[in-house]
Amino acid sequence: MEKTNQTLGEFIIENQESFQYSSGELSRLINSIRLAAKVVNHEVNKAGLVDITGAAGEQNIQGEQQQKLDVYANETFIQTLINREIVCGIASEENDNYITIQGHNEKHNNKYVVLMDPLDGSSNIDVNVSVGTIFSIYRRVTPEGTPVEMEDFLQPGNKQVAAGYIIYGTSTMLVYTTGCGVNGFTLNPAIGTYYLSHPNMQFPEDGNIYSINEGNYVHFPQGVKDYIKYCQAEEGDRPYTSRYIGSLVSDFHRNMIKGGIYMYPKSAKASNGKLRLLYECNPMAFLAEQAGGKASNGFQRILDIKPTELHQRAPFFCGSKNMVEKAEEFMQAAD
Ligand code: AHG
Ligand code: MN
Ligand code: MN
Ligand code: MN
């Protein structure tokens, strides 16, 4: 019989052995993320009551106005990970450069680096719409005992050992993978515990939702315009439904449950689209594949792209396998 009351803490312990490196360190790392997520959740939930909405007054390296919650979430996740001395480095959407963490006795002997989007969908904070946090975890490639280097962060997504997101929605959920499927845990805020509510999450192979910022239509490549027209044509189960929240985590989460495709293509204005390969595309692509879905830049598997820069962007087509393959067909036909 399937368990219905398993907590995230119990799940991590029970599944530790199935993880290929099984050192306990990754479990501690996910535990730290779960803790930081509770703190951020608390702050997000009272955003309308305290002075935490609105712009923080600075621009980040992406050229975006940082919101107060971007800064708060960034500091909370970084500080929680530093305090626990379990990672050797962190890279974040909100920081120009990666952070080196010396760890216990300043020996640089922790194995993992974390890359993150601390607050995803931050333009939605002030209007009370779901936001999220995205994280991506790799083993370092440079020798332990030395400070981390750029190459530890510039690994292709297929080297991720874990990835996940937290969605601060109607309920707060933590969804993650260590390469053995995707599991979702819902926070019971009354007691501060996450319970396994969505075991073995799977993208439906097909779907009827497409998610894209259609306001940019005139700037899209011809393949995307053709695919949008295909989604809107009256034939078979089409026209599809259009749903776009404007926060990747929320759009992805809905599409994984209901079946759909998320697209952020390149455009005449942004040659690689908007989403960040390391903090957004790679972790979502790992989750998508682990849930039977697909993620591509229109021509190539996202997880096989070799990054060259920390804040690099990539066009992103992600979701139900058959829908992503159809979008790729249109992209390649118009190329
Ligand atoms: P972030 O808030 O972390 O900067 O990410 C915003 C991203 C993503 O979450 C969302 O899907 C997309 O930007 C929305 O962009 P547009 O407003 O251009 O559609
Ligand atoms: Mn941002
Ligand atoms: Mn984001
Ligand atoms: Mn962000």
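The rules behind the values
Residues numbered from 1 in each chain as written. Chains lettered and ligands numbered in written order. Predicted model: local features only at pLDDT ≥ 70, side-chain atom pairs only at ≥ 80, totals over all residues. Axes fitted to C-alpha atoms, helices over the stretch in contact; angles between N-to-C directions. Helix = DSSP H or I, 4+ residues; strand = E, 2+ residues; numbered from the N terminus. Parallel < 35°, antiparallel > 145°, perpendicular 65-115°, else oblique. Left-handed = near helix turned anticlockwise from the far one by under 90°. Contact = placed C-beta atoms within 7 Å. Nonpolar A, V, L, I, M, F, W, Y, C, P; charged D, E, K, R; others polar. Near = placed C-beta within 6 Å. UniProt positions renumbered as here; feature names shortened; annotations may be inferred. pLDDT = per-residue confidence, 0-100. Core = buried A, V, L, I, M, F, W, Y, C linked by C-beta atoms within 7 Å. Buried ≥ 20, exposed ≤ 12 C-beta atoms within 10 Å, placed from the backbone. Pairing = 2+ DSSP bridges.

### Some remarks on the packing of helix α2 (residues 25-45) against helix α3 (residues 68-84)
Logical step 1: Two elements in contact, α2 and α3, have axes whose closest approach is 9 Å; the angle formed by their N-to-C orientations is 150°. Looking at the two axes, α2 sits roughly antiparallel to α3. In this structure, the crossing between α2 and α3 has a hand that is right-handed. Residues Arg-28, Ser-32, Leu-35, Ala-36, Val-39, Val-40, Glu-43 and Val-44 of α2 form the contact with α3, whose own contacting residues are Leu-69, Tyr-72, Ala-73, Thr-76, Phe-77, Thr-80, Leu-81 and Arg-84.
Logical step 2: Split by residue class, the contact of α2 with α3 holds 10 nonpolar, three polar and three charged.

### A closer look at the site of ligand 1
Logical step 1: Around ligand 1, a shell composed of Glu-64, Glu-93, Asp-117, Asp-120, Gly-121, Ser-122, Asn-213, Gly-246, Ser-247, Leu-248 and Lys-274 is seen.
Logical step 2: By residue class, the composition of the shell around ligand 1 is one nonpolar, five polar and five charged.

### A look at the UniProt feature "binding site: substrate" (unreviewed entry) in the protein
Logical step 1: As recorded in UniProt, the feature "binding site: substrate" (unreviewed entry) lies at Asp-120, Gly-121, Ser-122, Ser-123, Asn-213, Tyr-244 and Lys-274.
Logical step 2: Not counting residues within four places of it along the chain, the set of residues in contact with Ser-122 comprises Gln-67, Leu-69, Asp-70 and Val-131.
Logical step 3: For Asn-213, the location among the structural elements is in the loop between β11 (209-211) and α5 (222-232).

### Considering the environment of Phe-203
Logical step 1: On the secondary structure map, Phe-203 appears in the loop between β10 (193-198) and β11.
Logical step 2: Along the sequence, Phe-203 and Met-256 sit 53 residues apart, while their C-alpha atoms lie 4.6 Å from each other.
Logical step 3: Phe-203 has contacts with Met-256, Gly-259, Ala-288, Ala-291, Gly-292, Gly-293, Gly-319, Ser-320 and Lys-321, leaving out every residue within four places of it along the chain.

### Considerations on the environment of Ile-86
Logical step 1: Looking at the element boundaries, Ile-86 is found in the loop between α3 and β3 (87-92).
Logical step 2: As a C-alpha pair, Ile-86 and His-108 span 22 residues in sequence and 10.0 Å in three-dimensional space.
Logical step 3: Residues contacting Ile-86, with those up to four places away along its chain left out, are Glu-25, Arg-28, Leu-29, Ser-32, Leu-81 and Asn-110.

### Re the confidence of the model for the protein
Logical step 1: Overall, the prediction assigns the protein a mean pLDDT of 94, with 97% of residues at 70 or greater.
Logical step 2: Scoring of the predicted complex yields 0.97 for pTM and 0.98 for ipTM.

### Points about the nonpolar core
Logical step 1: If you look at the biggest cluster of nonpolar residues, it comprises 91 residues, and the most contacted ones within it are Val-87, Val-114, Met-284 and Cys-318.
Logical step 2: The contact partners of Val-87, leaving out residues within four places of it in the chain, are Leu-29, Leu-81, Ile-101, Asn-110, Tyr-112, Val-113 and Val-114.

### Describing the UniProt feature "binding site: Mg(2+) 2" (unreviewed entry) in the protein
Logical step 1: The UniProt record marks Asp-117, Asp-120 and Glu-280 with the feature "binding site: Mg(2+) 2" (unreviewed entry), using the residue numbering of this structure. Considering the C-alpha atoms alone, the annotated residues occupy 164 residues of sequence yet fold into one spot, their largest mutual distance being 8.7 Å.
Logical step 2: Along the chain, Asp-117 turns up in strand β5 (residues 112-120).
Logical step 3: Residues contacting Asp-117, with those up to four places away along its chain left out, are Glu-93, Thr-133, Ile-134, Arg-276, Tyr-279 and Glu-280.
Logical step 4: Structurally, Asp-120 can be placed in strand β5.
Logical step 5: What makes Asp-120 buried here is the crowd of 28 C-beta atoms within 10 Å.
Logical step 6: With residues up to four places along the chain from it excluded, the contact list for Asp-120 reads Val-131, Gly-132, Thr-133, Ile-134, Ser-247, Leu-248 and Val-249.

### Points about the sheet that holds β11
Logical step 1: The sheet built from five strands is open, its strands ordered β12-β11-β13-β15-β14 with mixed pairing. Looking at which strands have only one partner, the edges of the open sheet turn out to be β12 (241-242) and β14 (294-296).
Logical step 2: Relative to the sheet, helix α7 (residues 277-290) contacts β14 and β15 (316-319), its axis offset from that of β14 by approximately 150°.

### A few points about the pairing of strand β7 (residues 162-168)
Logical step 1: Judged by how many residues are buried, β7 sits mostly within the fold: seven of seven residues are covered.
Logical step 2: The alternating pattern of β7 places Ala-162, Gly-164, Ile-166 and Tyr-168 on one face and Ala-163, Tyr-165 and Ile-167 on the opposite face, and all of these are buried.
Logical step 3: In this sheet, strand β8 (residues 172-177) lies alongside β7 in antiparallel orientation, the contact comprising six bridges. When the sheet's bridge partners are listed, Ala-163 is paired in β8 with Thr-177.

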